[in-house]
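Below, each chain spelled out in residue letters.
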Amino acid sequence: MQDLTISLIQAELHWEEIDANLAMFEEMIWSIDQTDLIVLPEMFSTGFSMNAKNHAEPPGGKTFKWMRQMANQREVAITGSYIVKENGNFFNRLYFVYPDGSSKQYDKKHLFNLAEEGEHYTPGAERLILDYKGWRIHPMICYDLRFPVWTRSRKSEQRIYEYDLLLFVANWPDTRVNAWDTLLKARAIENLSYCAGVNRIGTDAASKNYNGHSAVYSPLGNELAFSENEETSLTVTLDASELESYRKNFPFQEDADDFKLI
């Protein structure tokens, strides 16, 4: 496994303006130098909108084609979530698009019912762990961060560590940003993996304010990158040898409880 460079794009979103957001992110993507993976926020093309009927796209629609084009042109992987309609249901769906145009998807499991997300969207039922450049990556969406059982690295006969990088895309308001900071760090420590989270900035149509706090943490919980309340891209190289060393010197996962979700 070689080192992996990731770039988190923290930006203010144009409310329910898909074309404007895609244009903005395209410009920011081209401003990034060398990287392997670009990570966009939750619902990056609209903001955290409950207006699913008017802004949902079919699988393979405009935003997906844009992600695939950007991945191909920059020769990187790109991930982020947006609103998708499939078989009559609406999903807050994350796509992970590889440079060759192939993709994996994850539908948000834990819907944020304080904002009535569960009234408009269908929850996902399957976790996603994917392989990219020798790394096993576990992408999640926003509110999933609060549920450690769903994100927990699980032992198996094949491997002790289920993944190497835990990834969160979010629209997480500033009033609860302390939880965001604390839980990102905790997830890195408890799973002995790198943990990265990208959040937006600005104010949405529901008058919710966002102050970023996009960050990357090491398996020991050390802060490798952090940005508060500014439009920026954070680029960090994750050290594969350090990950292997941490796990060798602190083999806590070997003593983890065996469990399965039912």
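Since the structure is predicted, the reported quantities are computational estimates derived from the model, not experimental observations. (Residues numbered from 1 in each chain as written. Predicted model: local features only at pLDDT ≥ 70, side-chain atom pairs only at ≥ 80, totals over all residues. Heavy atoms only, no water.)

Undergrad: Got a minute to help me understand the packing of helix H1 (residues 18–31) against helix H3 (residues 62–74) in this structure?
TA: Each packed pair of helices is defined by two parameters, the angle between the axes and the distance between the axes. Relative to each other, H1 and H3 sit at 10°, their axes nearing to 12 Å. The orientation of H1 with respect to H3, classified from their angle, is roughly parallel. Counted together, Ile 18, Asp 19, Leu 22, Phe 25, Glu 26, Ile 29 and Trp 30 of H1 and Lys 62, Thr 63, Trp 66, Met 70, Gln 73 and Arg 74 of H3 form the full contact between these two elements. Residues that form the contact of H1 with H3 fall into these classes: seven nonpolar, two polar and four charged. (Axes fitted to C-alpha atoms, helices over the stretch in contact; angles between N-to-C directions. Helix = DSSP H or I, 4+ residues; strand = E, 2+ residues; numbered from the N terminus. Parallel < 35°, antiparallel > 145°, perpendicular 65-115°, else oblique. Contact = heavy atoms within 4.5 Å. Nonpolar A, V, L, I, M, F, W, Y, C, P; charged D, E, K, R; others polar.)

Undergrad: Where do I start with the side chain of His 138 in this structure?
TA: Topologically, His 138 is positioned in strand E7 (residues 135–141). Ignoring any residue separated from it by four or fewer positions in sequence, one finds His 138 in contact with Arg 127, Leu 128, Ile 129, Trp 150, Thr 151, Tyr 163, Leu 165, Leu 166 and Leu 167.

Undergrad: I keep staring at the pairing of strand E1 (residues 4–10) and nothing clicks. Help me out?
TA: A regular strand places its side chains so that they alternate between the two faces of the sheet. Extensive coverage of E1 is indicated by the burial of seven of its seven residues. The alternating pattern of E1 places Leu 4, Ile 6, Leu 8 and Gln 10 and Thr 5, Ser 7 and Ile 9 on opposite faces, both of which are buried. Judged from the seven bridges that link them, E1 and strand E13 (residues 232–238) form a sheet pairing that is antiparallel. Bridging across to E13, Thr 5 finds its partner in Thr 237. When E1 meets strand E2 (residues 37–39), the two strands line up parallel, connected through three bridges. Bridging across to E2, Ser 7 finds its partner in Ile 38. Each parallel crossover has a hand, and for E1 linked through H1 to E2 it is right-handed. (Buried < 20%, exposed > 50% of the residue type's maximum accessible area, 1.4 Å probe, protein only. Pairing = 2+ DSSP bridges. Right-handed = clockwise from strand over helix to strand, strands pointing away.)

Undergrad: Can you help me understand the sheet that holds strand E3 (residues 77–86) in this one?
TA: Neighbouring strands of a sheet are bound in pairs by backbone hydrogen bonds; such pairs are parallel or else antiparallel. In space, the six strands of this open sheet follow the order E5-E4-E3-E2-E1-E13, with mixed pairing throughout. The sheet is open, and its two edges are formed by strand E5 (103–107) and E13, each paired on a single side. The sheet shows a mean angle of 30° between the axes of neighbouring strands, taken without regard to direction. One ladder, built from nine bridges, connects E3 with strand E4 (residues 89–97); its direction is antiparallel. Across the sheet, residue Thr 79 finds its bridge partner in E4, namely Phe 96.

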